[in-house]
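Analysis of the macromolecular model
Here are the chains, one letter per residue:
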Amino acid sequence: MISRALELAARGAGQVSPGPLVGCLIVGRGGETVGEGFYIYERVKHAETLALEQAGARARGATAYVTLEPHAHTGRTPPCTEALIRAGVARVVAPIEDPNPLVSGRGFARLREAGIAVMVGVLEQEAARLNEKYIHSLRHNRPFVHLKLACSLDGRIATRTGDARWITGEESRARVQRLRREYDAVLVGSGTATSDDPLLTDRTKLPRRRLLLRVVLDERLRLAPDSQLARTAHESHVLVFTSETADARQVAALEACGVEVLKAASGARDLVSVLEELHRREVQGLLVEGGASVAGAFLRAGLVNKASFFIAPVILGGDAIGAVAGAGALTVKEAARLRDVETARHAEDVEITGYLKAVNREP
Ligand SMILES: NC(=O)c1ccc[n+]([C@@H]2O[C@H](COP(=O)([O-])OP(=O)(O)OC[C@H]3O[C@@H](n4cnc5c(N)ncnc54)[C@H](OP(=O)(O)O)[C@@H]3O)[C@@H](O)[C@H]2O)c1
């Protein structure tokens, strides 16, 4: 039942941030499903409310399977705990607490106080995964960072002339589009912005609540006003982090295109400040798409939560650009190693995705 509720929750993908993905299933006393719902930010109504509306009187004595702790406070909607209590639900099964300090533990406490049996912990890991961006951004006040790179068999992301189009095949690139849809923002370094002239949009055509925010780290402000990013800035926001000494004429030229140029003393080098700024803009999840210097900087700072490498059966050889720049590890033992690894095939390419061990050092 919780699996089904998680499936329902996932239907809100791209449409809930800065809120969580939530699904709810109401199962009547006879074991039949009497209500289903999932959350979408713009629809306002919570998953529990939608499922309870469907269930009507059949919710009395039923079990509600909810993927996240129901909230007991008044936010954009009245408390879901009260709706469950009023409907006469006998039992609530939920995998995890809501890390939102306004909710955390209080929702379950309120339900128990009203005599409802509460069962917590079923499929806990799956539920936490589903909302990894929401949970991380609430706990750490900065976005969940997912590094994505496409590389050759010999671990290169571009030839020695900087050519990277296309290392991976169409299926991998379609998968990257779907990945972009799961994120609020995508980020590249100025090297990639100038050499690839990328568009960095979500072209899945699937519904999403806010357009993907496109971010460039660009101390010397090299982004050209006639780049694809600048030319489309009026349609889809582009945010450039640069230094206080950036050329005023270049700033004006980019701003005239609709690009937002953020000058800061720490420029683009201080990645924690960059992430904090994105958090202020309600970015829950950030997809970092390279290049090598930016990937290295995020990894060295221990700021990568998840990484996906798309490996194509091609050998670039010679002085081609390695996937991750910088000094790198001294020993294999010290190297960044992924855990909870999953692999997938995309035609001839292989995707390896996992979580970074070094991350979340903070309590
Ligand atoms: N296959 C793939 O998945 C993939 C993905 C992306 C790129 N690429 C390829 O990679 C190459 C570009 O890689 P790259 O390493 O030269 O460029 P990059 O990582 O895209 O950009 C590096 C530049 O970003 C600026 N920057 C600003 N803040 C930074 C920070 N905190 N950390 C690091 N850099 C920061 C620096 O220039 P300023 O000093 O001017 O700010 C730096 O030189 C291209 O050939 C591209 O085709 C391949």
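Just so it is clear, the model here is predicted, and its values are computed rather than measured. (Residues numbered from 1 in each chain as written. Predicted model: local features only at pLDDT ≥ 70, side-chain atom pairs only at ≥ 80, totals over all residues. Heavy atoms only, no water.)

**Considering the nonpolar core**
Selection rule: Take the buried Ala, Val, Leu, Ile, Met, Phe, Trp, Tyr and Cys residues and link them wherever side-chain atoms come within 4.5 Å; each set so joined is a nonpolar core. The cut-offs for exposure are 20% and 50% of the maximum accessible area for each residue type, with area from a 1.4 Å probe on protein chains only; residues under the lower value are buried, those over the upper are exposed, and the others partly exposed. Helix numbering and strand numbering both begin at the N terminus, where a helix is a DSSP run of H or I of at least 4 residues and a strand a DSSP run of E of at least 2. Contacts between residues were defined by any pair of non-hydrogen atoms, one from each residue, lying within 4.5 Å.
Core analysis: the largest hydrophobic core is formed by 42 residues, its most contacted members being Ile26, Leu52, Ala64, Tyr65, Leu84, Val89 and Val92. In terms of residue count, helix α1 (residues 2–10) provides more of this core than any other element does, 5 residues in total. Ile26 has contacts with Glu32, Thr33, Val34, Gly35, Ala51, Leu52, Ala55, Ala59, Ala62, Thr63 and Ala64, leaving out every residue within four places of it along the chain. Judged by nonpolar contacts, the second largest core, of 29 residues, contains Leu149, Leu239, Ala268 and Val274.

**Things to note about the site of the ligand**
Quick reminder of the rule: Neighbouring residues are identified by heavy atoms, a residue being near a molecule or strand if any of them is within 4 Å of it. Definition of a polar contact: a pair of N or O atoms within 3.5 Å, with one able to donate and the other able to accept a hydrogen when the atoms are protein atoms, and with sequence-neighbouring residues admitted only if both atoms are side-chain atoms. Note on areas: these come from Shrake-Rupley sampling with a 1.4 Å probe, and a residue is covered only by the protein chains present in the view. When residues are grouped by polarity, Ala, Val, Leu, Ile, Met, Phe, Trp, Tyr, Cys and Pro land in nonpolar, Asp, Glu, Lys and Arg in charged, and all others, Gly among them, in polar.
The environment of the ligand is formed by 29 residues, the closest being Ala150, Thr192, Asp196, Glu219 and Ser293. Ser190 places a side-chain nitrogen or oxygen 3.1 Å from an oxygen atom of the ligand. When the free accessible area of the ligand is taken as 920 Å², the share hidden by the protein chains comes to 88%. Of all the secondary structure elements, the ones that give two or more residues to the shell around the ligand are β6 (144–151), β7 (156–158), α8 (190–196) and α12 (292–300). Among the elements that make up the shell around the ligand, the one with the highest residue count is α8 (5 residues). Per-class residue counts for the shell around the ligand are 13 nonpolar, 9 polar and 7 charged.

**Some points on the pairing of strand β9 (residues 213–217)**
Short version of the rule: Whether two strands pair comes down to DSSP finding at least two bridges between them.
Within β9, 5 of the 5 residues are buried, leaving the element largely enclosed by the surrounding structure. Residues Leu213, Val215 and Leu217 line one face of β9 and the alternating positions Arg214 and Val216 line the opposite face, and both faces are buried. When strand β8 (residues 185–189) meets β9, the two strands line up parallel, connected through 5 bridges. Paired with Leu187 across the bridge in β9 is Val215. Sheet topology places β9 next to strand β10 (residues 238–243); 4 bridges connect them, and they run parallel.

**Focus on the domain arrangement of the chain**
Cut-off, in case you're wondering: In this document the domain limits rely on a domain assignment from an automatic tool or a database. Here the buried area means the combined drop in accessible surface, using a 1.4 Å probe, for two parts upon being joined, counting both sides. Salt bridge, as used here, is a side-chain nitrogen of Lys or Arg placed within 4 Å of a carboxyl oxygen of Asp or Glu.
The assigned domain composition of the chain is domain 1 (2–130) and domain 2 (134–356). Taking only C-alpha atoms into account, the centre of domain 1 sits 35 Å from that of domain 2. Tallying the contact residues gives 18 residues for domain 1 and 14 residues for domain 2. A buried area of about 1,400 Å², summed over both sides, lies between domain 1 and domain 2, and 53% of it is on carbon and sulfur atoms. Along the contact surface separating domain 1 from domain 2 lie 2 salt bridges. Among the salt bridges present, the one from Asp340 reaches Arg129, with a minimum N-O distance of 2.8 Å. At the junction of domain 1 and domain 2, the tally comes to 11 residue pairs in polar contact (both at pLDDT 80 or more). The residue makeup of the side of domain 1 that touches domain 2, split by class, is 9 nonpolar, 6 polar and 3 charged.

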